[in-house]
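# Examination of the molecular architecture
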Amino acid sequence: MNATAAVGAREKRAAAIDELVGEIRQFLAANGDPAIVAKYGRYFTEGYDAYGVPDDVLRAKRGEWLERYGPAFGLEGFLDVSDVLWSSGKYEEGRLAIYFPLQYKAEFRPETLERIARWFEVGVRNWAHTDTLCYDLTGEFLTRGIVPLEAFGPWRESPHKFQRRAVPVSMLPLLKRKKDFGPLLDFLRPLMMDGEKVVRQGLGWFLREAWKKQPGPVEAFLLEWKDTAPRLIFQYATEKMTPENKERFRRAK
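Residues numbered from 1 in each chain as written. Predicted model: local features only at pLDDT ≥ 70, side-chain atom pairs only at ≥ 80, totals over all residues. Heavy atoms only, no water.

Right, let's get into the packing of helix α10 (residues 197–213) against helix α11 (residues 215–225). Direction vectors running N to C along α10 and α11 enclose 140°, while the axes themselves pass 6 Å from each other. By the criterion of interaxial angle, the relationship of α10 to α11 is oblique. Together, Leu 207, Ala 210, Trp 211 and Lys 213 of α10 and Pro 215, Val 218, Glu 219, Phe 221 and Leu 222 of α11 make up the contact between the two elements. Split by residue class, the contact of α10 with α11 holds seven nonpolar, no polar and two charged. (Axes fitted to C-alpha atoms, helices over the stretch in contact; angles between N-to-C directions. Helix = DSSP H or I, 4+ residues; strand = E, 2+ residues; numbered from the N terminus. Parallel < 35°, antiparallel > 145°, perpendicular 65-115°, else oblique. Contact = heavy atoms within 4.5 Å. Nonpolar A, V, L, I, M, F, W, Y, C, P; charged D, E, K, R; others polar.)

Next up on the list: the packing of helix α7 (residues 127–143) against helix α8 (residues 161–171). Two elements in contact, α7 and α8, have axes separated by 8 Å at closest approach and are oriented at 50°. It follows from the interaxial angle that α7 and α8 lie oblique. Along this stretch, α7 crosses α8, giving a crossing that reads as right-handed. Contacts between α7 and α8 involve Trp 127, Thr 130, Asp 131, Cys 134, Thr 138, Gly 139 and Leu 142 from the first element and Phe 162, Arg 165, Ala 166, Val 169, Ser 170 and Met 171 from the second. Grouping the constituent residues of the contact of α7 with α8 by class yields seven nonpolar, four polar and two charged. (Left-handed = near helix turned anticlockwise from the far one by under 90°.)

Turning to the nonpolar core, a few remarks are in order. Membership of the largest hydrophobic core comes to 77 residues, with the highest contact counts inside it found for Phe 206 and Leu 207. In contact with Leu 207, not counting residues within four places along its chain, are Leu 185, Met 192, Val 218, Phe 221, Leu 222, Ile 233 and Ala 237. Within the second largest apolar cluster, five residues are counted, among which are Phe 44, Tyr 48, Ala 50 and Tyr 91. (Core = buried A, V, L, I, M, F, W, Y, C linked by side-chain atoms within 4.5 Å. Buried < 20%, exposed > 50% of the residue type's maximum accessible area, 1.4 Å probe, protein only.)

Within the secondary structure, Leu 232 sits in helix α12 (residues 231–237). With 28 residues separating them along the chain, Leu 232 and Gly 204 place their C-alpha atoms 7.4 Å apart. Residues in contact with Leu 232, not counting those within four places in the same chain, are Lys 197, Arg 200 and Gln 201.

Applying the stated criterion across every chain yields a total of 22 salt bridges. Residue Glu 140 pairs with Lys 105 through a salt bridge whose shortest N-O separation is 3.7 Å. Residue Glu 140 is located in helix α7, and its partner Lys 105 is located in the loop between α4 (91–102) and α5 (110–117); the two are separated by 35 residues in the primary sequence. One salt bridge connects Arg 208 with Glu 209, and the closest N-O pair in it is separated by 3.1 Å. With a relative accessible area of 12%, Arg 208 lands in the buried category. By sharing partners, the salt bridges in this structure join Glu 76, Asp 80, Asp 83 and Arg 115 into a single network. (Salt bridge = Lys/Arg side-chain N within 4 Å of Asp/Glu carboxyl O.)

In structure tokens form, the structure reads like this:
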């Protein structure tokens with residue numbers, strides 16, 4: 001393809017992306033329900049800017065858009081669409097930004113994760129988007145060995161709290177595959193004194209699930225941190241323990 005043709009192809013795809021984004025926003029505005037916004041808004045302390053479209057409706061409509069635009073867009077085209085959707089701050093647009101790349105998980109490469117990481121800079125601003133993104137997308141990079149765990153190392157130092165939360169949540173699928181949890185626990189050490197509530201909750205969640213499978217190493221890890229790390233981590237991590245076992249992890253007076 002010569003330079004002129006390449007420019008023409010890019011312009012054509014950009015126009016198609018604008019067309020799809022416009023169609024998405026028109027559909028969401030026409031199918032929103034204020035009652036749904038009122039019902040779920042209380043779960044989001046960071047704010048909940050939503051149309052009020054049910055998730056099953058989003059998923060069904062996503063299938064239609066994938067069928068129509070997929071042949072021309074592919075993974076890269078839909079990642080471009082996702083970039084635009086994240087910029088609006090609208091809840092359902094963020095959900096679709098996650099759902100579109102799902103169709104192309106077989107094509108994920110290390111550079112795809114780098115692309116996804118940039119979404120935390122522009123639009124991932126709540127726990128629901130973060131956790132869905134981790135379950136549907138970023139966890140895939142670890143379970144399939146597309147990237148090593150160390151690829152998430154810089155995320156632990158991100159200025160964006162939800163990107164830091166994404167580290168332990170992305171690691172949850174590894175609990176079904178790893179026999180030695182020691183390296184996973186060690187990887188989380190830089191986050192154990194994090195100042196953000198959402199990060200502490202994510203850590204506690206991971207530690208609780210890890211404890212269900214391998215109590216010994218997790219309890220040793222918790223005992224090491226019990227007098228220094230935030231208590232919210234322990235509240236989540238020890239949730240399924242007996243009252244007697246929980247007592248072992250109280251902070252020394």
